[in-house]
Amino acid sequence: MPRLLEANTGQRIVFLPKDAIDDKTESKVGDIKDEENELRILKLPHPGKESGALYLYNARAKKLFELMNFSEPNRAWFVGDRVVEDGSLILSTPINPVFIILPFLIKAERNVPLEDLLDSAEYPELHQIAGLSGGLTNVARQLGDPDLNVWKFDEDKCLTWLQARVNTVKEVLSTQDIDLSAGATSLLYKANVRPSQVEYTRYALGIVSEYLPVDLAGKLATRLNLPEPDKPLAKRLSEGAPGKQPPTKKAKHEGPTEDYSKDVKKEKNKESELNAKQKALAKSAE
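All values derive from a computational prediction rather than experimental measurement.

What counts, and where the lines are drawn
Residues numbered from 1 in each chain as written. Predicted model: local features only at pLDDT ≥ 70, side-chain atom pairs only at ≥ 80, totals over all residues. Heavy atoms only, no water. Helix = DSSP H or I, 4+ residues; strand = E, 2+ residues; numbered from the N terminus. Buried < 20%, exposed > 50% of the residue type's maximum accessible area, 1.4 Å probe, protein only. Areas by Shrake-Rupley, 256 points an atom, 1.4 Å probe, with all protein chains shown as cover. Phe/Tyr/Trp six-rings, centres within 6.5 Å; stacked < 30°, edge-to-face > 60°. Axes fitted to C-alpha atoms, helices over the stretch in contact; angles between N-to-C directions. Parallel < 35°, antiparallel > 145°, perpendicular 65-115°, else oblique. Contact = heavy atoms within 4.5 Å. Nonpolar A, V, L, I, M, F, W, Y, C, P; charged D, E, K, R; others polar. Arc of directions from axis to C-beta. Pairing = 2+ DSSP bridges. Expected span 1.5 Å × (residues − 1). Core = buried A, V, L, I, M, F, W, Y, C linked by side-chain atoms within 4.5 Å. Left-handed = near helix turned anticlockwise from the far one by under 90°.

1. So, the overall build of the protein
Then step 1. Assigned secondary structure in the protein consists of seven helices and ten strands.
Then step 2. By the burial criterion, 33% of the 286 residues in the protein qualify as buried.
Then step 3. If you sum the accessible surface of the protein, you get close to 19400 Å²; carbon and sulfur atoms cover 51% of it.

Below, the structure is given as structure tokens:
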């Protein structure tokens, strides 16, 4: 659902899932007295990139959402009787906090509480997601008393969990019949070629790998052990299935449907008669 968020940098249009903002959460960022109800925008490290990214954190619901900005020049929004000068569009999608915490677990040199592990001078707001550690049992082993919140990375558990994530994404792609071709295809003709389950798995692996460190993404690909494609999917789609090539479009010829030749002949005959009469008159005048 679309919402208008106000921050120190101005107004932005953002599309949020229904569970991102509940009835007790205001739509103004950073202007809420009750911290438990506050909707916060956090700058956190992107798990698959060496740069920061913006996330929307609902402290009350304890849910995290990735913010992705799409912008084009010379655009604006009309909201009621107001004009939002920034015409960019922000899309928000849920993200599992485990992906953000995972790189820190992998690099950890000491077994320390998660709050200390996420203590970062570059990302001072990172510690706020330390309470979202419920999913860490899928990628790590908890050490000592649970109240200490100490975790140790377990590669085998992590790869098993990531493989399940890839299968989940693959099922969504396959069920919704998502087009995996790189180029545009005609809406009037759809080749009778459907991506195979291996191709869906490979595409799902690419999506999940965007949120993983490079080394871990490589190990996940090795575990899946996908065969190399015989022919690129886009080329197979362009060629179509055997015997299912698009019908050749007949050239449409437009022109007059009536036969004017008879009239033309009559005109010619009439013209011949006039010429004969004119010759006779001319001869008689001599």
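This is not the end of the story, as more comes after the structure.
2. Some words on the packing of aromatic side chains
Then step 1. By the definition in use, this model includes two aromatic pairs.
Then step 2. Here the aromatic cluster, defined as three or more aromatic residues joined through ring pairs, consists of Phe99, Trp161 and Tyr211.

3. Observations regarding the packing of helix H3 (residues 155–175) against helix H5 (residues 214–224)
Then step 1. Interhelical geometry of H3 versus H5 gives an angle of 70° and a closest axis separation of 10 Å. Accordingly, the angle class assigned to the pair H3 and H5 is roughly perpendicular. Residues Glu155, Asp156, Cys158, Leu159, Thr160, Leu162, Gln163 and Val166 of H3 lie in contact with H5, whose contacting residues are Leu216, Lys219, Leu220, Arg223 and Leu224.
Then step 2. Tallied by class, residues from the contact of H3 with H5 come to seven nonpolar, two polar and four charged.

4. Observations regarding H5
Then step 1. Considered for burial, the residues of H5 that qualify are Leu216, Ala217, Leu220 and Leu224. The buried residues of H5 occupy one face: seen down the axis, they fall within an arc of 100°. Facing away from the buried side of H5 by over 90 degrees, the exposed positions are Val214, Asp215 and Thr222.
Then step 2. Tucked into the core, H5 has its buried residues touching helix H1 (97–107), H3 and helix H4 (197–209).
Then step 3. Looking at the residues trailing H5, positive phi occurs at Asn225, about 50°.

5. Some details on the pairing of strand S10 (residues 150–153)
Then step 1. Where strand S9 (residues 140–143) meets S10, four bridges bridge the pair, whose relative direction is antiparallel. When the bridges of S10 are listed, Leu143 appears paired with Val150.
Then step 2. Once S9 ends, the chain turns through six residues before running back antiparallel as S10, passing Gly144 with a positive phi of about 70°.

6. Digging into H4
Then step 1. Its 13 residues place the ends of H4 18 Å apart at the C-alpha level, agreeing with the 18 Å of an ideal helix rising 1.5 Å per residue.
Then step 2. Buried within H4 we find Glu199, Tyr200, Thr201, Ala204, Leu205, Val208 and Ser209.

7. Describing the environment of Gly206
Then step 1. Checked against the element boundaries, Gly206 lands in helix H4.
Then step 2. Considering only alpha carbons, one finds Gly206 and Val166, 40 residues apart in sequence, at a separation of 8.9 Å.

8. Section: the nonpolar core
Then step 1. Leu64, Leu105, Ile129, Val139, Leu162, Leu212 and Leu220 are the most contacted members of the largest nonpolar core, which totals 45 residues.
Then step 2. Those residues in contact with Leu212 that lie beyond four places of it in its chain are Pro47, Gly48, Phe99, Leu102, Leu162, Ala217 and Leu220.

9. Description of the packing of H3 against H4
Then step 1. One way to put it is that H3 packs onto H4 with a least axis distance of 8 Å and a crossing angle of 120°. Considered as vectors, H3 and H4 are oriented oblique to each other. Crossing handedness for the pair H3 and H4: right-handed. Contacts between H3 and H4 involve Leu162, Arg165, Val166, Val169, Lys170, Leu173 and Ser174 on the former and, on the latter, Gln197, Tyr200, Thr201, Tyr203, Ala204, Leu205, Ile207 and Val208.
Then step 2. Classifying every residue of the contact of H3 with H4 gives ten nonpolar, three polar and two charged.

Read these as geometric descriptors, not functional statements.
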